[in-house]
Amino acid sequence: PYQQPTHHHQQPPSYQQPTHHQQPTRHQHQTQQSPQYQTMRINIPAGTVPGQRLKIKTPGGHEHMVTIPERHQWHSQHPPVFDVQVPVAPAVVVQAAPIHNPPPSGGHYAPAPPPKPAQTPWQSWESFRGHTFQQVPMATTNVPPHEISHHSSNIPASGRRKALLIGINYKGTRAALRGCVNDAKNIKNLLMENGFRDDPTHMVMLVDEGARNSNYLPTRANIMRGFQWLVQGVSEGDALFFHFSGHGSQVPDKSGFEEDGLNETILPVDYQKGQISDDVIWSSIVYPLPSGVKLTVIMDCCHSGTGLDLPFDYMLDSKRWVEDTNPAHSKGHVVSFSGCEDSQTSADTIEKYQAGGAMTQSFISAYRQNPMSTYPEFMAAIHRRLKQRGFKQRPQLTSSQAFDVKNTVFSFTEGFQPNKNQVIGRIHRKKIRPGSTGDRRQSGVNDLLFGGLMVGGALAFADALFG
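The model shown is predicted, which means the values in this text are computed figures rather than measured ones.

Asks: Explain the overall build of the chain here, please?
Replies: Tallying secondary structure elements over the chain gives seven helices and 23 strands in all. Taking all 467 residues of the chain together, 50% fall into the buried category. In the chain, once contacts between residues fewer than 6 apart in sequence are set aside, the share between residues at least 24 apart is 76%. When the accessible surface of the chain is split by element, carbon and sulfur atoms take 51% of a total near 22,700 Å².

Following this line, the structure appears as structure tokens:
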């Protein structure tokens, strides 16, 4: 990623020619050359920050390490770039004989990690059949030491990208929405602007208005199959995306894991066949991901704050991650932007003569205004946008990995974090009683789900459904 050299000259004054009395060691033989330098313009990959190191190849074919400078030294274009001087030819060519280092104390080398598996080809939505859903057991597993990272170095992107988009308006029901299908279409356009491909192998959109056939309707069966399609064959460096715009709700959590005693749910278009709980979503698209796979999620629905059961919540006020009381850990890098807190509702609104979810519209607006913002800057921009439009909902940022959020630029396709969790699975530290949904303010969703029954009857139905 470089342009043609803009100028070419002898070494700068800061370069010091090696003195003639230096002698090569018995492992080396040095030949002196007169170094020459030229200016290269380097693209800054999305998701990287000042101070990170990049390996580049000079026009002469040599690999060279450079450091990303501070932001004021970046040139404003898309993507941003910076200039750096690199040698046309190295000043000292070193031919080194192999040096055999002694093993570390104890006399043994650490075992090498197993080789990375080869990439599995992705299946097209048209041919993918899926399998019977299996809930992840309420248990934990220790992660092998070679699969745990203790630093924040980014993993190179593989270039493979896959997205599942769901928009449901529930047309013809008493809780119909107007903008959810528009949300899915607008997110699709945003992803295509950022390198995602619109074909059945890389992008699936399930909507209840304008679907091409029954395979693209957001039924419970299709959504569950879509979850399996999304994670099929993924490996380190793959970028995934999931967006849901529609109704969300809550049901009592009988497992005793949820801090508020409630499971968050999403409603498929055939909601009579059952809601889809956060436990099911976590088991389907979070837990199966291997280390180094990145999944970005937008949940634009009511009660979506912890809609994926991710263990780390980012506190905007204190600027730190807070771990759940009963965390659900996994190996992949999953980041979720939710439309509101668990106790709040998300708005369906109109902007620029088009209906849509307030969260999705604010997300797209904030990203297009500053595509190089860090995660806290991006979240603050979304909050400002919602507040300016008079909405009280507070979007949440949750993650499967407690990464350096303050110094990481948000990106759909870069910034992959390795696994840092030593244990995966659901850690049960405290038993919590099932909560009550009797105080929720979603009378429209009650009508949608329960045909206008009293809340007590609705809860009884939910218990029967999920008990």
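Asks: Hey, could you run me through the sheet that holds strand β8 (residues 140-142) in this one?
Replies: One key point about sheets: their strands pair by backbone hydrogen bonds, in either a parallel or an antiparallel sense. One open sheet holds the three strands; their spatial order is β8-β23-β18, and the pairing between them is antiparallel. Strands with a single pairing partner mark the edges of an open sheet, and in this sheet they are β8 and β18 (328-329). With three bridges connecting them, β8 and strand β23 (residues 423-426) associate as antiparallel partners. Bridge pairing in β23 places Thr140 opposite Gly425.

Asks: Where do I start with the state of the cysteines in this structure?
Replies: Cysteine pairs can be linked by a disulfide, which is a covalent bond between their two sulfur atoms. Here the structure, examined in full by the defined rule, presents zero disulfides. Unpaired in this structure, Cys180 has its nearest cysteine sulfur neighbour in Cys301, at a distance of 9.1 Å. Note on Cys301: relative accessible area 2%, which makes it buried.

Asks: What is the right way to look at the pairing of strand β22 (residues 396-399) in this model?
Replies: Strand residues, when the strand is regular, have side chains that alternate between the two faces of the sheet. The side-chain alternation of β22 yields two buried faces, one formed by Gln396 and Thr398 and the other by Leu397 and Ser399. Note: strand β19 (residues 333-338) against β22, four bridges, orientation antiparallel. By the bridge assignment for β22, Val335 is matched with Ser399.

Asks: Sorry, what's going on with the environment of Leu308 here?
Replies: Residue position: Leu308 is located in the loop between β15 (294-300) and β16 (312-315). For Leu308 and Ser336, which are 28 residues apart along the polypeptide, the C-alpha to C-alpha distance reads 7.6 Å. Setting aside its immediate chain neighbours within four residues, Leu308 contacts Asp278, Ile281, Trp282, Val286, Val297, Met299, Val334 and Ser336.

Asks: Help me out: how do you make sense of the confidence of the model for the chain in this one?
Replies: Low pLDDT marks stretches whose predicted atomic positions should not be read closely. Taken residue by residue, the chain gives an average pLDDT of 78. The fraction at 70 or more is 72%. Contacts from residues 90-110, a stretch scored under 50 in pLDDT, to residues over four places away or in other chains number 28 contacts. A low-confidence stretch, residues 452-467 stays under pLDDT 50, and its non-local contacts, those more than four residues away or across chains, total 19 contacts.

Calculation criteria
Residues numbered from 1 in each chain as written. Predicted model: local features only at pLDDT ≥ 70, side-chain atom pairs only at ≥ 80, totals over all residues. Heavy atoms only, no water. Helix = DSSP H or I, 4+ residues; strand = E, 2+ residues; numbered from the N terminus. Buried < 20%, exposed > 50% of the residue type's maximum accessible area, 1.4 Å probe, protein only. Contact = heavy atoms within 4.5 Å. Areas by Shrake-Rupley, 256 points an atom, 1.4 Å probe, with all protein chains shown as cover. Pairing = 2+ DSSP bridges. Disulfide = S-S within 2.5 Å. pLDDT = per-residue confidence, 0-100.

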